[in-house]
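# Structural overview
If you want the building blocks of each chain, they are given just below.
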Amino acid sequence: MSTGTSIRLRPYEVALLRGGPRAAVTVAVVALHLRGDVEAGRPGRLRTSEASSEAAGQAPPPQASQAPPAPASSPAPLPPLAEAVRAALVRPAGLPQVRDHADVRAALAELQASLRAAGLLRAFPPHRTRTARRALDALSAEHPLPTSRKGLLESDALLAVALYGEPALHVLVPRFALRAGLITRAEVTEGKGFHSRSPRGGGTGGTAYSCGGGGGGSD
């Protein structure tokens, strides 16, 4: 998507510049969830959905008296990072374990390299450049935080998560994000009001890029 300049950034790139690797992996997880490929498992953990698991296996051959089913339309191919995240979920895992998977680290490294080549990311110290900050500011001005999921295109939902992190997750996929450990859990302590804590794998990462670990359908 355009930022009003010659720079065009995809949600994964926006997330990486805004919040680092964790934020980019969170966008990939939400993209897979919106496609029906990933769901929340035990608290703080992610897993592939039953439908996705069945699609990955071999369909049983049709019986002799049955005509073969009509071929289904293939879903759009996944970006490399989302494909790596799906591969990392061969077994249920929390977001930190997904982020540390070898395939995911390799996809993140490729994304970082492309941003460095575009002059949006400095290698030493790892930080977004002034050009990247201007691009993020322009995108935020063009795409304010949604107040509802209703009528929102999937691409716009992913951009919102990339730009705003946890506030967008609260609006767009609150139940999934809470169960999967993508957002913090608010608790009430008697006499002390509300406070928040992160479940296993909680949080979406910080608001500034760091090369370190920090950072569909109906929900």
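From a predicted model like this one, the values you see are computed outputs, not experimental measurements. (Residues numbered from 1 in each chain as written. Predicted model: local features only at pLDDT ≥ 70, side-chain atom pairs only at ≥ 80, totals over all residues. Heavy atoms only, no water.)

### Overview of the overall build of the protein chain
For the protein chain, the count of helices and strands is 10 helices and six strands. Counting all 219 residues of the protein chain, 42% fall into the buried class. Element-wise, carbon and sulfur atoms account for 55% of the exposed surface of the protein chain, whose accessible area totals about 11,800 Å². (Helix = DSSP H or I, 4+ residues; strand = E, 2+ residues; numbered from the N terminus. Buried < 20%, exposed > 50% of the residue type's maximum accessible area, 1.4 Å probe, protein only. Areas by Shrake-Rupley, 256 points an atom, 1.4 Å probe, with all protein chains shown as cover.)

### Concerning the environment of A15
Structurally, the position occupied by A15 is in helix α1 (residues 11–19). Separated by 146 residues in sequence, A15 and V161 place their C-alpha atoms 7.7 Å apart.

### What about the pattern of salt bridges?
Under the definition given, this model contains six salt bridges. Between R47 and E39 there is a salt bridge, with the nearest N and O atoms lying 2.9 Å from each other. Since its relative accessible area comes to 24%, E39 is described here as partly exposed. Between E83 and R86 there is a salt bridge, with its nearest N and O atoms 3.1 Å apart. Of this pair, E83 and R86 both sit in helix α4 (residues 80–88), separated by three residues, roughly a single helical turn. Since its relative accessible area comes to 34%, E83 is described here as partly exposed. Taking relative accessible area as the criterion, R86 reaches 26% and is therefore assigned partly exposed. Here the salt bridges share partners, and the residues they tie into one network are R35, D37, E83 and R86. (Salt bridge = Lys/Arg side-chain N within 4 Å of Asp/Glu carboxyl O.)

### Points about the nonpolar core
Ranked by size, the top nonpolar core spans 56 residues in total, and within it L46, L81, V85, V98, V104, F176 and L182 carry the most contacts. Ranked by the residues each element gives to this core, the list is headed by helix α2 (residues 21–34), at 10 residues. V85 has contacts with V25, A28, V29, L32, V98 and V104, leaving out every residue within four places of it along the chain. (Core = buried A, V, L, I, M, F, W, Y, C linked by side-chain atoms within 4.5 Å. Contact = heavy atoms within 4.5 Å.)

### Some thoughts on a positive patch on the surface
Where like charges cluster on the molecular surface, the positive patch consists of R122, R130, R133 and R134. Counting residues per element, the positive patch draws most heavily on helix α7 (residues 130–142), at three residues. Summarising the element assignment, R133 is placed in helix α7. Relative accessible area serves as the criterion here: at 33%, R133 is assigned to the partly exposed category. (Patch = residues over 30% accessible without salt bridge, like charges linked within 9 Å, V, L, I, M, F, W, Y side chains within 5 Å. Lys, Arg positive; Asp, Glu negative; His and termini not counted. Charge placed at Lys NZ, Arg CZ, Asp CG, Glu CD.)

### Concerning helix α8 (residues 154–164)
Residues A157, L158, L159, A160, V161, A162 and L163 constitute the buried set of α8. Check the buried side of α8 and you find it contacts α1, α2, α7 and α9 (166–172). After α8 finishes, the residue G165 shows a positive phi value of roughly 65°.

### A few points about the confidence of the model for the protein chain
For the protein chain, per-residue confidence averages 81 on the pLDDT scale, and residues scoring 70 or more make up 70% of the total. Contacts for the low-pLDDT stretch residues 187–207, under 50 throughout, to residues beyond four places or in other chains number 58 contacts. (pLDDT = per-residue confidence, 0-100.)

### What to know about the environment of A107
Assignment of secondary structure puts A107 in helix α6 (residues 102–117). The class of A107 is buried, set by a relative accessible area of 13%. Sequence separation between A107 and P79 is 28 residues; the distance between their C-alpha atoms is 9.5 Å.

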